[in-house]
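Architecture at a glance
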Amino acid sequence: MKFGTQVNSFGADWEAISAYIGALEGGRWNSLYIADHFLPPIGDRGEHNNAFEAFTLLSVAAGMTRRVELGTLVLGNTYRNPALVAKMAATLDQASRGRVVLGIGAAWFEREHAAYGWDFPAMRERSDRLEEACRLIRMLFTAQEPVDFQGSYYRLQQAPLAPGCFRTPHIPIMVGGVGERRTLRTLARYGDVFNLNGWTIEMSLPEYRRKAEVIERHCAAVGRDPGEIRHTIHMPLRLAEAGDRPPGGGSEWKLGPGLTPAPASFLVDRIGELERAGVDEIIFQPLPDAAYLQRVEDEIVAAFA
């Protein structure tokens, strides 16, 4: 099992972010991820608090590190032209020597669209745009020649991607979201990484298995080997402190936004079950600070070394 974590880019200052990235690079961690929002998406932090732009911050992190993967969890497709996103990702992949994971989703935070003057289409159109964007990005990542593309929303005319991806065969595309009819179908067609987001859905073992079965069905329908898709989980985490009531329910206990404080041993057992079921990587929520990150590494990550 591999482990990563998001870096807190909301309501934080640069000194705290820098210390967190340094601790990640120096530890047993496989990856760091940045969320993509222009206003803090968590209400109690306030709209006027810091919200670092995702791709700029990821690029700075690339220069501070040498080994960890660098990902977006996930970019909002409505914020940038997808051909520009492909160009940005390939540039960073070259500079980081093949460490980029491009996560992209349909976008959901209506308020920041209003704040910055971006259109916020209905969910159906955002899903259509995401599917078309993933198709376009994959074409640019894999084409040997300049790309022509005529979609409903995006168009390319003899567009080269030079330099292309450093990583072979190309930068992995993580398709954000768990919608079974549209999003997971887009993943099966154009994606390389599935992410079960514990902030939006329960993270029980049966629910993970159900989503994995949906992905397999979509892969069968489009002639894709489901083994080509890596499975990750974005996991909220709260370690139990002295005096906290331990959780009950065994493997049926649900990891998610209503997370009960849990002993490390309990979490190790649950993560072990997910590993045996086919999960490749756990990506923890942003942890409070570098000291807490070290505690999670010592008490959970080390158990899988």
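None of the values given here were measured: they were computed from a predicted structure. (Residues numbered from 1 in each chain as written. Predicted model: local features only at pLDDT ≥ 70, side-chain atom pairs only at ≥ 80, totals over all residues. Heavy atoms only, no water.)

**Remarks on the overall build of the protein**
Scanning the protein from terminus to terminus reveals nine helices and 11 strands. Relative to the globule expectation of 19 Å for 305 residues, the C-alpha radius of gyration of the protein, 19 Å, shows essentially globular dimensions. On the principal axes, the C-alpha backbone points of the protein span a range of 65 × 45 × 35 Å. Pairs at least 24 residues apart make up 71% of the contacts formed inside the protein by residues separated by at least 6 positions. When the accessible surface of the protein is split by element, carbon and sulfur atoms take 49% of a total near 13,500 Å². Of the charged side chains in the protein, 33 are positive and 38 negative; the average position of the first set lies 4 Å away from that of the second. (Helix = DSSP H or I, 4+ residues; strand = E, 2+ residues; numbered from the N terminus. Rg over C-alpha atoms; globule rule 2.2 N^0.38 Å. Contact = heavy atoms within 4.5 Å. Areas by Shrake-Rupley, 256 points an atom, 1.4 Å probe, with all protein chains shown as cover. Lys, Arg positive; Asp, Glu negative; His and termini not counted. Charge placed at Lys NZ, Arg CZ, Asp CG, Glu CD.)

**Notes on the packing of helix H7 (residues 205-222) against helix H8 (residues 264-277)**
Two elements in contact, H7 and H8, have axes whose closest approach is 10 Å; the angle formed by their N-to-C orientations is 20°. By the angle between their axes, H7 is roughly parallel relative to H8. Handedness of the crossing formed by H7 with H8: right-handed. Across the interface between the two elements, Leu 205, Tyr 208 and Arg 209 of H7 pack against Glu 273, Leu 274 and Ala 277 of H8. The residue inventory of the contact of H7 with H8, partitioned by class, reads four nonpolar, no polar and two charged. (Axes fitted to C-alpha atoms, helices over the stretch in contact; angles between N-to-C directions. Parallel < 35°, antiparallel > 145°, perpendicular 65-115°, else oblique. Left-handed = near helix turned anticlockwise from the far one by under 90°. Nonpolar A, V, L, I, M, F, W, Y, C, P; charged D, E, K, R; others polar.)

**Details of the layout of surface pockets**
If you add up the space inside the largest pocket, you get close to 1,200 Å³. For the lining of the largest pocket, the element with the most residues is helix H5 (residues 123-142), which contributes four residues. For the lining of the largest pocket, the residue count by class is 24 nonpolar, 15 polar and seven charged. (1 Å grid on protein atoms, 1.4 Å probe; cavity = no way out; pocket = protein on both sides within 12 Å on 5 of 7 lines; lining within 4 Å. Points joined across faces, edges and corners; volume = space filled by probe spheres on them.)

**A closer look at the packing of aromatic side chains**
Think of a pair of aromatic rings as described by two things: how far the centres are apart, and how the planes are tilted against each other in angle. Within the structure shown, the criterion is met by 10 aromatic pairs. Where Phe 3 meets Phe 304, the ring centres are 5.4 Å apart and the plane angle is 55°; that geometry is what we call tilted. You can see Phe 3 sitting in strand E1 (residues 2-6) and its partner Phe 304 sitting in the segment after helix H9 (290-299), a full 301 residues away along the chain. Accessibility assignment for this pair places Phe 3 and Phe 304 in one class, buried. Here the aromatic cluster, defined as three or more aromatic residues joined through ring pairs, consists of Phe 3, Trp 29, Phe 284 and Phe 304. The side chain of Arg 270 reaches across the aromatic face of Phe 266, ending 4.7 Å from its centre. When the ring centre of Tyr 292 is taken as reference, the NZ or CZ atom of Arg 295 above it lies at 5.8 Å. (Phe/Tyr/Trp six-rings, centres within 6.5 Å; stacked < 30°, edge-to-face > 60°. Buried < 20%, exposed > 50% of the residue type's maximum accessible area, 1.4 Å probe, protein only. Lys NZ or Arg CZ within 6 Å of the ring centre and 35° of its normal.)

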